[in-house]
Structures are given as C-alpha cells and as structure tokens.
Amino acid sequence: MSLTRSDVAAKILADCVAEPVDTFEAFAPVNIALCKYWGKRNALLNLPVNDSLSVSLAKKGSTTRVHRIPGAQEDEVFLNGQPVDKDTGFYKKVVAHIDLFRPLVAGCLRVDTVNGVATGAGLASSASGFAALTRALVGVYSLNLSNEQVSILARMGSGSASRSVYEGFVRWHKGVRADGMDSFARPLPEIWPDFRIGVLTLTSDAKKTGSREGMQRTVDSAILYNSWPEQAERDIARLEHAIAVRDITLLGSTAEQNAMAMHATMLASWPPLLYWQAESVTALQKVWQLRDDGLQVYATMDAGPNVKLLFEASAESDMRSAFTDMDVIVPFG
Ligand code: 2P0
C-alpha cells in the first residue's frame, strides 16, 4: 500500500502540540529554477527524480492570511480579494492542503492569498502560494516545526513550493525514501548582491498543458528523458561551484543549458510538448546575439513561453536598453 499525503503529514505532525491563534499571515517568494525539477518518482507525494536548485525573488511572491472561522461548515478561499468558487481546482487544492492539518486541529478556515506577481507574468504562483499557505497554517496553529518539515509539507501542495520556503539560493534534495521524509529544500549560505534576474513577459496566453501533466507525459513517453537525471546531477554540481565563486559565466551557461535540455525532453515527448512561442525564440536569439557581442547574459525558461534573463549588475544598463520592457529583480537586494 502506498503512502498518502495525509499519512506523511500525520508523521510530521505526530509530536506537535497545537496552540491555535485566531489569525496568521505569512509571505513566501516566487523562485526560478537554475537546475529544473522535471519528473517525479512519486506523483502523489511530489517526490522528484532529480535534485533542483533555485533562486528566490525576494519581495515578489504570495502573502497568505488564514483566519479560523469557528462554527463554519466549509473553508472560504479568496484570491487577490475575490472569492474563489468552490468548484474550481484551486479551491479544492487549498482545502486538500488544509485537510493535512485537520486531524490535529478541527474546524474551518478562511484563506486570503494575494499574489504580488501579476497573473501572466511568467512567474509561477503555485510555488509561492503553497509555501505561504503552509507557513500560514503552521503559524495559525503555532506548530513548532523545522524549516525542513515545512518544506516537506509545502512540497506536497506543489513540488516547487518546497524551495519557496526560503530566500536566496535553495537546493531541493530529492531524497530516496518512499515516504519522502528526506525530500526537502535547504538554503545555500551564499549571497550574491550583484546577481540580477530580468523577467520578460512575452505573452500571457494561458498554456494548454500544465506543468504537472507535461512532466508526466515527458517521463512516460520521451526516451530522451533517460539522460535528464545525469544532466541535472552534473548541473547542480556546476551551479553550486559557480555560486560559491560568483562566476556568472559558469552559472549562466549551466542554467541555460539545463533549461534547453529540459525543453528538449518535452519536445521529444509524445504528443510533443512545446511551451515556446515565436516571441520566445526571438528573445533567445537576441540573448545569443548580445552574448556574441560580449555581454554576459543568459536565459532560462520554465513550463511556459516567457524568458527569464540572468546577468550581473554591471550588465544592467545595457540589458535595460536591449529589453525595454524587462522587469529587473534583485534577489539579494
Ligand atoms: C521548476 N517547474 O523547477 C520546474 C521547471 C516547471 C519547469 O517546478 O506538480 O508546479 O505541483 O509538483 O511545482 C513546476 O512544477 O509541479 C516546476 P507540481 P510544479 O521550477
């Protein structure tokens, strides 16, 4: 019998004594993966095939407030001030996450989430959303949990949320255990004040295939995926070294190649999966031209058409001239 998410949550919460307060607010940042999470060894628990490494985007993220509503029969969910319909997948996912804690503390909650990132900005809000919700739930029940336990609980909402529990550079260790108790993220100690991320919002069209489904299709149908775990392992080692010595060339080239390799596995799936739009290709070609002209700039892309640029403060003014509508983020600001 395979373990359920509730089984895992029960293990984590087994030694906890809850001392609920009425309300609690928490923030969690969005993160961009430099070595991607792509493929699961257990889809129910969001256990990954490979380690991944990300950088959190400081103040860009989700703020979630939970209120206990004694006597209520159902949870209430609000997103950016608007009530969320109880028939939506979003509502059901939030309630399923609260359910992990319900054996410890019964009763319903009102959950208000505000995403500080505009919808369609190409920055995934599920990672920051589930990390903020997890932190808010842990806070409202005053649970004494480690960051690693919080990361595990957030991971069960959405894999990449395991990394959004922290600021800065973060590595999610895939773990080997069937219950995923060793699959959590930890922050790296380094800070890199000159590091910059440029976000290009090229199109806000809704994607046809979500990353959850896309990941599964790739694992199930792409022979090319067999090479992915080895690539991820190599890239993580290179990225950790690049971060330790602040080497933008090594960091950028590794992150860009990692993203291209992930997209290659998608394209090698059946039916093929291509998240790129014509605007994505144009942006990538511009990045490659700028690099040929001597600018240290690199690109990464996730399960969507938008392109994120990696560079240092010394390249910022040239980058702003080249990409006039780019949003520049200072992760260690
Ligand atoms: C990442 N992505 O590492 C990779 C790169 C998309 C491409 O994490 O099914 O929304 O909730 O665990 O976390 C998106 O996957 O997937 C993602 P689930 P999630 O950022």
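The preceding data block contains the structure.
Residues numbered from 1 in each chain as written. Predicted model: local features only at pLDDT ≥ 70, side-chain atom pairs only at ≥ 80, totals over all residues. Heavy atoms only, no water.

Draft legend 1. Representation of the overall build of the chain. Along its length, the chain carries nine helices and 13 strands. A compact globule built from 333 residues would reach a C-alpha radius of gyration of about 20 Å, and the chain, at 20 Å, matches this within 12%. Counting only C-alpha atoms, the chain reaches 65 × 40 × 40 Å along its principal axes. Relative to its full complement of 333 residues, the chain shows a buried share of 53%. In the chain, once contacts between residues fewer than 6 apart in sequence are set aside, the share between residues at least 24 apart is 75%. Surface accessibility of the chain: about 14,600 Å² in total, with carbon and sulfur atoms responsible for 52%. Between the centroid of the 33 positive side chains of the chain and the centroid of its 37 negative side chains there is a distance of 2 Å. (Helix = DSSP H or I, 4+ residues; strand = E, 2+ residues; numbered from the N terminus. Rg over C-alpha atoms; globule rule 2.2 N^0.38 Å. Buried < 20%, exposed > 50% of the residue type's maximum accessible area, 1.4 Å probe, protein only. Contact = heavy atoms within 4.5 Å. Areas by Shrake-Rupley, 256 points an atom, 1.4 Å probe, with all protein chains shown as cover. Lys, Arg positive; Asp, Glu negative; His and termini not counted. Charge placed at Lys NZ, Arg CZ, Asp CG, Glu CD.)

Draft legend 2. Just helix α4 (residues 147–157), in detail. Of all eleven residues making up α4, eight are buried, and the element is well covered by its neighbours. Turning to α4, its buried residues are Val150, Ser151, Ile152, Leu153, Ala154, Arg155, Met156 and Gly157.

Draft legend 3. Region of interest: the packing of aromatic side chains. Overall, the coordinates contain six aromatic pairs when judged by the stated rule. Pairing Trp192 with Phe195 gives two aromatic rings, centres 5.2 Å apart and planes at 45°, and the pair type is tilted. Here the aromatic residues Phe169, Trp192, Phe195 and Phe332 are joined through ring pairs into a cluster of three or more. When the ring centre of Phe78 is taken as origin, the NZ or CZ atom of Arg110, which lies over that ring, is 3.8 Å away. The ring of Phe323 carries Lys286 above its face, with NZ or CZ at 4.5 Å from the centroid. (Phe/Tyr/Trp six-rings, centres within 6.5 Å; stacked < 30°, edge-to-face > 60°. Lys NZ or Arg CZ within 6 Å of the ring centre and 35° of its normal.)

Draft legend 4. Main features of the site of the ligand. Surrounding the ligand, one finds 17 residues, the nearest of these being Tyr37, Lys40, Ser158, Ser160 and Arg212. The side chain of Arg163 places a nitrogen or oxygen atom 2.9 Å from an oxygen atom of the ligand. A distance of 3.4 Å is found between an oxygen atom of the ligand and a side-chain nitrogen or oxygen belonging to Ser211. In isolation the ligand offers 470 Å² of accessible surface; the protein chains occlude 93% of this area. (Near = heavy atom within 4 Å. Polar contact = N/O pair within 3.5 Å; in protein donor to acceptor, adjacent residues only side chain to side chain.)

Draft legend 5. Region of the structure containing the sheet that holds strand β11 (residues 298–301). Read across the sheet, four strands follow the order β11-β12-β10-β13 without closing on themselves; strand pairing throughout is antiparallel. Looking at strand neighbours, the two that pair on one side only are β11 and β13 (327–329), the edges of this open sheet. Strand-to-strand twist of the sheet, defined as the mean angle between neighbouring strand axes without regard to direction, takes the value 30°. Where strand β10 (residues 195–200) and β13 come together, three bridges link them in antiparallel fashion. For Gly198, the partnering residue across the bridge sits in β13 and is Val328. With respect to the sheet, helix α8 (residues 278–292) is in contact with β10, β11 and β12 (307–312), its orientation differing from that of β11 by roughly 155°. (Pairing = 2+ DSSP bridges. Axes fitted to C-alpha atoms, helices over the stretch in contact; angles between N-to-C directions.)

Draft legend 6. Fine view of the packing of helix α6 (residues 228–245) against helix α7 (residues 248–267). Across the interface, α6 lies against α7 with an axial gap of 9 Å and an inter-helix angle of 160°. Considered as vectors, α6 and α7 are oriented roughly antiparallel to each other. Seen from above, α6 lies across α7 with left-handed handedness. Between α6 and α7, the residues in contact are Trp228, Gln231, Ala232, Arg234, Asp235, Arg238, Leu239, His241, Ala242 and Ile243 and Leu250, Leu251, Thr254, Ala255, Gln257, Asn258, Ala261, Met262 and Thr265, respectively. In terms of residue class, the contact of α6 with α7 is made up of ten nonpolar, six polar and three charged. (Parallel < 35°, antiparallel > 145°, perpendicular 65-115°, else oblique. Left-handed = near helix turned anticlockwise from the far one by under 90°. Nonpolar A, V, L, I, M, F, W, Y, C, P; charged D, E, K, R; others polar.)

Draft legend 7. Local environment of the packing of helix α1 (residues 5–13) against α4. Contact geometry for α1 and α4: axes closest at 11 Å, N-to-C directions at 165°. Our classification of the angle between α1 and α4 gives roughly antiparallel. Crossing of α1 against α4: the hand is left-handed. Together, Arg5, Val8, Ala9 and Ile12 of α1 and Gln149, Ile152, Leu153, Met156 and Gly157 of α4 make up the contact between the two elements.

Draft legend 8. Local environment of the pairing of strand β4 (residues 52–68). Two strands pair when backbone bridges link them, and strand β1 (residues 23–35) and β4 are joined in this way by eleven bridges, in the antiparallel orientation. Residue pairing for β4: Pro29 is matched across the bridge by Gly61. As paired elements, β4 and strand β8 (residues 169–172) share four bridges and run antiparallel to each other. Pairing of Ser54 across the sheet is with Val170, part of β8. Bridge count between β4 and strand β7 (residues 109–115): seven bridges; the pairing is antiparallel. Following the sheet pairing, Val66 is matched in β7 by Val111.

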